[in-house]
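# Descriptive structure summary
Each chain is listed here by its residues.
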Amino acid sequence: MLQNYMNKIELNPSIFKHIEAIKTNSENFFNAFPNLLLAAEEIHDIFDQLFVEQFQQKNNALWEASVHKMIFGAHSSWLQGIILTAAGLNETGLISIRRGIEYVCYSSKIKQSDEKNIIWLDRGMDDEKDRLFSSKFSIPSKYFTDKYKNLKALLVWHDYASLFGAHGNFTSLISKWDSESEGSMKMFFHDNPQRTPLSTGVAVRIGSFMITAFFETFKGNIKDEQAFQEKIEIMNEILNKARVEVINYESKGKVTFEDLLAVYSREDPAIEEMYLKLKEKYCK
C-alpha cells in the first residue's frame, strides 16, 4: 500500500533512527511514485548539464562567475529539499527549496552588473552593506517589474516556503501534529505520509521552474540554446506525467478531465492569481 512508504517517528527515539529514516523513507517513497522519481532525476540531470556544460562565462565578467556558482547553489539546495520532503521532513525541505529560489532571483538581479554582484558578495560584511543588499535584492519586493516576469512562480513558492517552512509558527508544525489523537497532544518528527506526495510533487515542480528561469534569463550564456530548450520540453513532459501520478494518488484514482487540463495547460491561473495577491501585498 502506498500509505506504508513512510516511517513516522515519534518523540525520543535514537538520533540514528532519524538518520536511517531519511534514507529509508526517501527510497520507499520514490519506489511508490516512479514517475515522480523519473521527473526528479530528469531535473537533477538538467541542472548538472547547465552547470557543467551549458552555462558559459563568455565575457569573463565577475557577475558571470557568480551566476555560475549560483546555478550550483540552486541545484544543491533543490536536491536537499527533494531528499528531505520525500523523507517526511517537509518544513525543513522547504527551507532548502526557498534558498534555491533565492539563488535564482539573485542571479537575475546581478545579470550584466558587476556593481550589483559586489553588493551580493559583500552581504554580511557589515550593517551598511546588509542595508544596501536589502534595498536592491529583497525578495519579493524588488522583483515585481516586467524584467523579472520569469520569476513569478518562484516568488509565489518562496512566499509559501517562508510561511510553511522557514519561520517558527504553527503552520510549520501542522504536518507533524496528530489531529485525531484525543485527550493528549501527539506529534511526530516526520510528516503524515498522506501529505508527502503532494509536498514532494511541489518540490520537484519548483526545480523545473528554477531551470526554466535560469534558461530564460541567461539565454545569451547558454552553449546550445536550441538543444537546452528541447531538454526543457522533455522535462516538462516527464513532469506532467509525475503530476498526474500524484493527483491520481490524492484523488484515489478519480482523476478528472479538469485535473488533466490543469496539468497539461501552458497557462497556470492559480500561480498568476497568487502572484497578483503577493504583488498587491508588497506594492501598496
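The coordinates are above.
Residues numbered from 1 in each chain as written. Predicted model: local features only at pLDDT ≥ 70, side-chain atom pairs only at ≥ 80, totals over all residues. Heavy atoms only, no water.

## Points about the side chain of Glu42
Within the secondary structure layout, Glu42 lies in helix α2 (residues 34-54). We note that Glu42 is buried and unpaired, the nearest opposite charge coming from Lys231 at a distance of 6.6 Å. In this structure, Glu42 is in contact with Lys231, Ile234, Met235 and Ile238, ignoring residues within four places of it in sequence. (Helix = DSSP H or I, 4+ residues; strand = E, 2+ residues; numbered from the N terminus. Buried < 20%, exposed > 50% of the residue type's maximum accessible area, 1.4 Å probe, protein only. Lys, Arg positive; Asp, Glu negative; His and termini not counted. Salt bridge = Lys/Arg side-chain N within 4 Å of Asp/Glu carboxyl O. Contact = heavy atoms within 4.5 Å.)

## As for the nonpolar core
Ranked by internal contacts, the top residues of the largest apolar core, which has 63 residues, are Tyr143, Leu151, Leu154, Leu155 and Met210. For this core, the element with the most residues is helix α8 (residues 196-217), which contributes 10 residues. Setting aside chain neighbours within four positions, we find Leu155 in contact with Cys105, Ile139, Pro140, Tyr143, Phe144, Tyr275 and Leu278. (Core = buried A, V, L, I, M, F, W, Y, C linked by side-chain atoms within 4.5 Å.)

## Describing the environment of Ile211
Along the chain, Ile211 falls in helix α8. Taking C-alpha positions, Ile211 is 9.0 Å from His75, a pair spaced 136 residues apart along the chain. Aside from chain neighbours lying at most four places away, what touches Ile211 is Ile43, Ile46, Phe47, Phe228, Ile232 and Met235.

## A word on the pattern of salt bridges
Inspection of the entire model under this criterion finds eight salt bridges. Ionic pairing is found between Glu272 and Lys152, a salt bridge with its closest N-O pair at 3.4 Å. Here Lys152 lies in helix α7 (residues 152-166) and Glu272 lies in helix α11 (residues 269-282), a separation of 120 residues in the sequence. Among the residues examined, Lys152 registers a relative accessible area of 24% and is labelled partly exposed. A salt bridge links Lys277 to Glu273; the nearest nitrogen and oxygen atoms lie 3.5 Å apart. With a gap of four residues between them, Lys277 and Glu273 both fall in helix α11, about one helical turn apart. Judged by relative accessible area, which is 51%, Lys277 ranks as exposed. Look at Glu273 and you get partly exposed, because its relative accessible area is 46%.

## What about a negative patch on the surface?
Together, Asp224, Glu225, Glu230, Glu233 and Glu237 make up a region of like negative charge exposed at the surface. Turning to its location among the elements, Glu225 is positioned in helix α9 (residues 225-250). (Patch = residues over 30% accessible without salt bridge, like charges linked within 9 Å, V, L, I, M, F, W, Y side chains within 5 Å. Areas by Shrake-Rupley, 256 points an atom, 1.4 Å probe, with all protein chains shown as cover. Charge placed at Lys NZ, Arg CZ, Asp CG, Glu CD.)

## A closer look at helix α4 (residues 90-110)
Given 3.6 residues per helical turn, the α-helix brings residues three or four places apart onto the same face. Taking 1.5 Å as the rise per residue, α4 with 21 residues should run 30 Å; its terminal C-alpha atoms sit 30 Å apart, in good agreement. Most of α4 sits out of view: 16 of its 21 residues are buried. Downstream of α4 by a residue or two, Gln112 has a phi angle that is positive, lying close to 65°. (Expected span 1.5 Å × (residues − 1).)

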